[in-house]
Amino acid sequence: MWEKISTFITWCVAVVMAWLGGMDLKDVSTVAGVFIGLLMALISWYYKHKTYLLLASGRITREEYESADR
């Protein structure tokens, strides 16, 4: 089972490397910028969601929630 998983991961890495190999520096930087932007949006959503859960459970006040949401 682990051999199939490691083979699949290796194949995916090879495909990504081959795809990146056909790009110039401008294209790679564009892809990296989009990836970093999506990563930052996901991190922001995660922490806003956790803060909302704290508010819903009553562990923080509305003022604390609004100051963290700025």
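Just so it is clear, the structure is predicted and the values come from calculations on it, not from any experiment.

Caption draft 1: Region of the structure containing the pattern of salt bridges. Tallied over the full model, the rule gives one salt bridge. A salt bridge links Glu-66 to Arg-62; its shortest N-O distance comes to 3.4 Å. You can see Glu-66 and its partner Arg-62 sitting in helix H3 (residues 62–68), four residues apart, about one turn around the helix. Accessibility expressed as a relative area gives 43% for Glu-66, which makes it partly exposed.

Caption draft 2: Helix H2 (residues 25–57), seen in detail. With 33 residues, H2 extends 48 Å between its outermost C-alpha atoms, agreeing within 8% with the 48 Å of an ideal straight helix rising 1.5 Å per residue. Of the residues trailing H2, Gly-58 is marked for its positive phi of about 85 degrees.

Caption draft 3: Here's a closer look at helix H1 (residues 2–21). Compared with the 28 Å implied by 1.5 Å per residue over 20 residues, the 28 Å span of H1 between its first and last C-alpha is a close match. With zero of 20 residues buried, H1 lies mostly on the surface of the structure.

Caption draft 4: Spatial organisation of the packing of aromatic side chains. Tallied over the entire structure, the rule returns three aromatic pairs. Centroid distance Phe-8 to Trp-11: 6.5 Å. Interplanar angle 25 degrees. Geometry classified as stacked. Here the residue Phe-8 and the residue Trp-11 both occupy positions in helix H1, the gap between them amounting to three residues, near one helical turn. Relative accessible area serves as the criterion here: at 53%, Phe-8 is assigned to the exposed category. Among the residues examined, Trp-11 registers a relative accessible area of 54% and is labelled exposed. A ring pair is formed by Tyr-46 and Tyr-47, whose centres lie 5.2 Å apart and whose planes are at 80 degrees; its orientation type is edge-to-face. Under the relative-accessibility criterion, Tyr-46 is labelled partly exposed at 40%.

Caption draft 5: Just the side chain of Thr-51, in detail. Secondary-structure assignment places Thr-51 in helix H2. Not counting residues within four places of it along the chain, the set of residues in contact with Thr-51 comprises Ile-60, Tyr-65 and Ala-68.

Caption draft 6: Fine view of the confidence of the model for the chain. Within the chain, residue pLDDT values average 93, and 100% of them lie at 70 or more. Ranking the elements of the chain by mean pLDDT puts H3 last, at 91, and H2 first, at 95.

Conventions used here
Here, residues in each chain are numbered from 1, in the same order as that chain's written sequence. Local features in this predicted model are restricted to residues of pLDDT 70 or higher, and side-chain atom pairs are both shown and tallied only at a pLDDT of 80 or more, whereas totals for entire chains, interfaces and linings draw on every residue. Excluding hydrogens and water, the side-chain values take into account all heavy atoms of the structure. Definition used for salt bridges: Asp or Glu carboxyl oxygen within 4 Å of a side-chain nitrogen of Lys or Arg. Comment: elements are numbered from the N terminus, with helices defined as DSSP H or I runs of at least four residues and strands as E runs of at least two. Accessible area is worked out with a 1.4 Å probe on protein chains only. A residue is then buried under 20% of its type maximum, exposed over 50%, and partly exposed in between. By this rule the span expected of a helix is its residue count minus one, scaled by 1.5 Å. In this analysis, rings of Phe, Tyr and Trp, with Trp reduced to its six-membered ring, are considered paired at centre separations within 6.5 Å, and the interplanar angle assigns stacked below 30 degrees, edge-to-face beyond 60, and tilted for intermediate values. Note on contacts: a residue pair qualifies if any of its non-hydrogen atoms lie within 4.5 Å across the two residues. Values of pLDDT, the confidence the predictor places in each residue, fall between 0 and 100.

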